[in-house]
Structure formats: structure tokens, C-alpha cells
Amino acid sequence: MKNFFLLTLLCVGLASCDISDNDVDPTQSFLKIYDNNTFNSSFVPVDIQQTADGGYLVLGSTRIEDSDFTGVYVMKVDENGEFLSEQNLSTQYISPAKSLMSINGSFYFAAMRDISYQALLFELDDNGNLTDSIELNVTRPMFASNVNNEIILQSYNHGDRNTEISTIALADPIIISEPTKFAIGDGDGIDLPIFEHFTRTGRKLPFFTGKTETGLYFFNGFYRFTISMVFTNLISDNDPTGVLQGQREDDGVSTAIHLTGNRFAVSRFNRFGDTYILPNADIDIANKIGIANDLVGNPFPELVPDARLVLKRITVNERLVLIYGGDTRSGQIILMAYSPDTGELLGTKYLGFSNPYELASFNATEDGGLVVLGSTAIAGRFDRFSIFKLSSAELQEFTN
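Residues numbered from 1 in each chain as written. Predicted model: local features only at pLDDT ≥ 70, side-chain atom pairs only at ≥ 80, totals over all residues. Heavy atoms only, no water.

With reference to specific residues and values, describe the overall build of the protein.
Within the protein, the secondary structure is distributed over two helices and 31 strands. Along the first, second and third principal axes, the C-alpha set of the protein runs to 60 × 50 × 40 Å. Residues counted as buried form 56% of the 400 residues belonging to the protein. Within the protein, contacts between residues at least 6 apart in sequence are counted, and of these 50% link residues at least 24 apart. When the accessible area of the protein is evaluated, it comes to approximately 16,400 Å², of which 46% is carbon and sulfur surface. The average position of the 28 basic charges and that of the 51 acidic charges among the side chains of the protein differ by 4 Å. (Helix = DSSP H or I, 4+ residues; strand = E, 2+ residues; numbered from the N terminus. Buried < 20%, exposed > 50% of the residue type's maximum accessible area, 1.4 Å probe, protein only. Contact = heavy atoms within 4.5 Å. Areas by Shrake-Rupley, 256 points an atom, 1.4 Å probe, with all protein chains shown as cover. Lys, Arg positive; Asp, Glu negative; His and termini not counted. Charge placed at Lys NZ, Arg CZ, Asp CG, Glu CD.)

If you want it as C-alpha cells, here you go:
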């Protein structure tokens with residue numbers, strides 16, 4: 001990489017690591033910060049996935065001069081976190097949406113064209129090279145998830161003022177559904193927070209998509225003027241089976257994973273910036289209108305106001321564990337492990353020291369550990385990628 005140099009901190013120097021052996025395998029546990037000698041550049045992490053060779057692909061974005069939007073950026077590192085290559089697609093494509101999805105040996109993400117805002121699905125190989133791009137029948141992609149090799153995409157139709165949900169089956173040929181539309185409604189006040197979400201100039205809104213074990217889809221997005229968690233069979237427009245309603249963009253659900261039946265692991269936020277974690281909540285998915293504030297949970301004042309949480313279900317030593325990740329007021333990344341059966345807090349781990357860190361995403365690794373993607377500010381000014389790698393022993397220790 002011509003413009004990058006690497007700041008490396010081994011596990012023995014981390015406040016979050018208890019291992020004191022200087023001979024620790026660097027593939028098992030490390031912290032890397034990726035600096036850039038173009039000092040006024042700013043890099044925003046989005047998601048990370050492990051590749052078949054043991055390395056990692058990082059999806060991110062970078063600021064573009066003379067544009068309100070960020071461009072698409074992909075980085076490949078090896079199993080030790082050492083930089084290998086980059087792909088900068090910022091001249092044509094903007095605003096990569098979460099998530100980076102690993103499906104059948106390839107990696108996929110959604111972004112949009114500059115100016116037209118046409119959504120595209122991009123395919124990457126193991127080295128982060130762009131191998132294909134598929135034009136989709138929607139604009140302004142907000143979030144994409146992979147459920148059993150089916151991509152569930154949430155997008156925004158500005159002209160019709162709709163939140164739209166599409167599915168993409170990566171068969172031969174690829175099958176792209178017509179979007180199911182959910183009306184946001186006419187009126188002022190919604191366009192600005194959505195625009196600021198895309199340009200990263202305001203609050204990052206908690207969009208997500210998913211699917212229950214019975215085949216019911218759900219998404220978190222704007223519906224009838226407010227951020228709502230909406231359940232739908234995607235059969236007809238504006239006909240959800242249930243809605244868990246927030247209040248405009250000021251309170252609502254922020255993360256959710258379906259467990260079984262009506263049980264979900266969720267978090268929610270309110271207008272005062274408080275965050276509540278509910279690892280075992282009961283949500284009536286057939287209730288036409290519910291209220292997110294009725295979900296009673298524990299507030300976490302340690303988290304930053306309006307915390308952007310990441311929630312994943314991770315297998316740890318053949319046992320399923322829920323892990324919530326977020327940012328603390330002290331500038332660290334916090335990981336909180338819960339039992340999906342009882343909702344019991346199993347353990348907590350803090351990552352980062354010296355510089356302030358912010359969480360972007362995390363995923364399980366093939367060796368039974370965890371890789372955590374974040375950002376930190378070099379010299380307190382320039383946003384850069386950071387990667388924490390936790391060994392299987394570290395992951396087991398704090399989830400027990």
C-alpha cells in the first residue's frame with residue numbers, strides 16, 4: 001500500500017488483555033491501527049469478515065472532496081493484521097451500507113451510484129477485488145443482512161417517501177424481488193435525519209433487517225413518520241403483521257435478533273440518549289401496534305449517549321452466546337456477553353486504551369476467537385481503522 005503505514009500493538013500491551021507471554025502467536029491476539037500519510041483523509045469502518053486464507057476483508061468508506069457523501073473503500077489484511085491491499089471505489093460509488101456478507105465463498109455489500117443514488121450489490125473475492133456488480137431496482141440502500149444465503153435489503157425511496165424491503169437470492173440466475181413498500185408519509189422533518197445518516201453528518205440511525213425462524217421478515221426503519229420495528233410477510237405494500245413503534249427518530253429499537261417464538265434479544269434508546277439492553281424480551285409479532293418504550297430493561301449509563309450497538313449471536317466453545325458491543329463514555333469499546341436462554345449477563349470485556357476507540361462491527365473467527373473492527377483518531381484528528389483480534393481463550397474467559 002503506497003500511502004499507508006501500520007501502527008502495531010501486540011496483546012501484551014493491551015489493557016484488555018491478560019496474557020503476559022511475549023511469545024504470543026500474533027494470529028491469536030493483536031491490535032492494529034492503520035494510519036495514512038495523506039493526513040487530511042478520513043476513513044470510516046463499516047464491517048469486517050474473515051477470508052478463507054485466514055486474513056480479513058474490511059469494508060469502509062472515505063471522505064470525498066466536493067461531496068456530501070463518503071466513497072466506498074475495501075482493505076485486505078493477512079491473518080496477523082498486516083496490510084495487503086486496498087480497493088478505492090470512491091470515484092463512482094458512495095455510502096456503503098452495513099453489512100459485509102460472506103456467502104458461498106464470496107463477499108457482498110450494497111452501495112449506490114453517485115448522483116443517481118441507484119443501489120448496486122457488489123461482489124468481492126478473497127483478496128478484496130471487485131468481481132461483479134449487480135444493479136438493483138431500488139435507490140439509497142440503508143442496510144443489508146444475510147439470512148440463510150438470502151440477502152434482505154432495506155432502502156429509501158425519496159421520491160415516493162417509502163421505506164422499501166427487497167430480497168436477493170444468489171441463485172443461477174440471481175433472483176431480485178420487487179420491493180415491498182412501507183409509506184413514511186408526507187410532511188417535514190424526516191428527510192433531514194435520513195440525509196444526515198447517509199452523509200454521516202448527524203446521528204447514525206439504527207436501521208436493520210432480519211427474519212424469524214418461521215419465515216416472517218422484520219426491519220427497523222421509518223414507517224408512518226417514526227422509527228419502527230416492522231414485521232411483514234412481504235406480500236403486499238403497507239400491510240405489516242405487527243409494528244413496534246418508536247417516536248420519530250428520537251426513540252425506538254436499536255438492535256434485534258430473533259431467538260424463538262416471540263422472544264428477541266433487543267436494545268432500545270430514548271430521546272434522552274439512554275440505552276436499554278433486553279437480552280430476553282417478549283415481542284408480540286402479531287400485534288398491529290406496540291410501543292418500543294414498553295420494553296422494560298436495564299439502562300446502561302456507561303455507554304455514550306445515543307449509543308450505536310452491535311448485536312451478534314456467536315458460538316463460543318459449542319455454546320451460543322449473545323454479544324452486545326458499544327462505546328463507553330471513557331473512549332473504550334465494551335463487549336457484553338449474555339445467555340440467550342436466561343438473559344443472564346455472562347461477562348464484560350473492554351478494548352482500547354490511550355486513544356479513544358469507537359466500535360463498527362465484530363464477527364467470529366475460524367479459530368474460535370473474535371475480530372473487532374473499530375476506529376480511532378490519530379493525533380486526535382484523523383479517523384483511522386483499528387482491528388482487535390481476541391483469541392479463543394480470551395473470548396471464552398469473558399463469556400463464561
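Moving on, there is more to tell.
Residue-level account of the confidence of the model for the protein, with values.
Averaged over all residues, the pLDDT of the protein is 89; the fraction at 70 or higher stands at 93%. Of all helices and strands in the protein, the one with the weakest mean pLDDT is strand β1 (residues 4-10) (46), whereas strand β27 (residues 333-338) scores best (98). With pLDDT under 50 throughout, residues 1-5 is counted as low confidence; its partners more than four residues away or in other chains account for 19 contacts. Confidence drops under pLDDT 50 across residues 8-22; counting only partners more than four residues distant or on other chains, this segment forms 27 contacts. (pLDDT = per-residue confidence, 0-100.)

Outline the sheet that holds strand β18 (residues 226-232), listing residues and values.
As a general point, the strands of a sheet are linked pairwise by backbone hydrogen bonds and lie either parallel or antiparallel. Strands sit in the order β16-β17-β18-β19-β23 across an open sheet of five strands; the sheet is mixed. Strand pairing shows two members of the sheet lacking a second neighbour, β16 (208-211) and β23 (290-291), which therefore form its edges. As defined by bridge partners, β16 adjoins strand β17 (residues 217-223) across four bridges and the pair is classed as antiparallel. For T209, the partnering residue across the bridge sits in β17 and is F219. (Pairing = 2+ DSSP bridges.)

I'd like a rundown of the pattern of salt bridges, residues and numbers included.
Applying the stated rule across the entire model yields nine salt bridges. One salt bridge connects D191 with R161, and the closest N-O pair in it is separated by 3.0 Å. Separated by 30 residues along the polypeptide, D191 in helix α1 (residues 191-199) and R161 in the loop between β12 (150-157) and β13 (162-169) bring together distant segments of the chain. Judged by relative accessible area, which is 30%, D191 ranks as partly exposed. A relative accessible area of 12% means that R161 is categorised as buried. (Salt bridge = Lys/Arg side-chain N within 4 Å of Asp/Glu carboxyl O.)

A description of the nonpolar core should follow, citing residues and the corresponding values.
In terms of nonpolar packing, the biggest core is built from 31 residues, with I194, F222, M229, F231, V253, F264 and V266 touching the most fellow members. Only β11 (141-147), α1, β17, β18, β20 (252-260), β21 (263-269) and β22 (275-282) provide two or more residues apiece to this core. Sequence-distant contacts of F222, defined by excluding residues within four places in its chain, comprise T163, F182, I184, I190, I194, L205, F207, I227, R248 and E249. (Core = buried A, V, L, I, M, F, W, Y, C linked by side-chain atoms within 4.5 Å.)

Give me the side chain of S106: which residues, what numbers.
Here S106 is to be found in strand β8 (residues 106-113). Residues contacting S106, with those up to four places away along its chain left out, are M101, E123 and L124.

Summarise the pairing of strand β10 (residues 130-139); cite the residues concerned and give the values.
Of the strand pairs in this sheet, strand β9 (residues 118-124) and β10 are connected by six bridges, and their pairing is antiparallel. Residue F122 lies in a different strand from β10, and its bridge partner there is S133. Linking β9 to β10, which pair antiparallel, is a turn of five residues; within it G128 sits at a positive phi near 85°.

Give me the lowdown on the pairing of β20, citing residues and values where you can.
Summarising burial for β20: eight of the nine residues are buried, a large majority. Counted along the chain from β20 to the antiparallel partner β21, the turn is two residues long, and its residue G261 has a positive phi close to 55°.

Describe α1, naming the residues involved and giving the relevant values.
Among the residues of α1, P193, I194, H197, F198 and T199 are the ones counted as buried. Buried positions along α1 lie against β4 (56-63), β7 (93-103), β8, β11, β12 and β17.

Go over the environment of F225 with me, naming the residues and quoting the values.
As for its position among the elements, F225 is in the loop between β17 and β18. F225 sits in the partly exposed class, given a relative accessible area of 34%. Separated by 171 residues in the primary sequence, F225 and G54 have C-alpha atoms spaced 44 Å apart.

I'd love a proper account of the sheet that holds β20, names of residues and values included.
Strand order in the open sheet made by the four strands is β20-β21-β22-β24, with antiparallel pairing throughout. Looking at strand neighbours, the two that pair on one side only are β20 and β24 (298-299), the edges of this open sheet.

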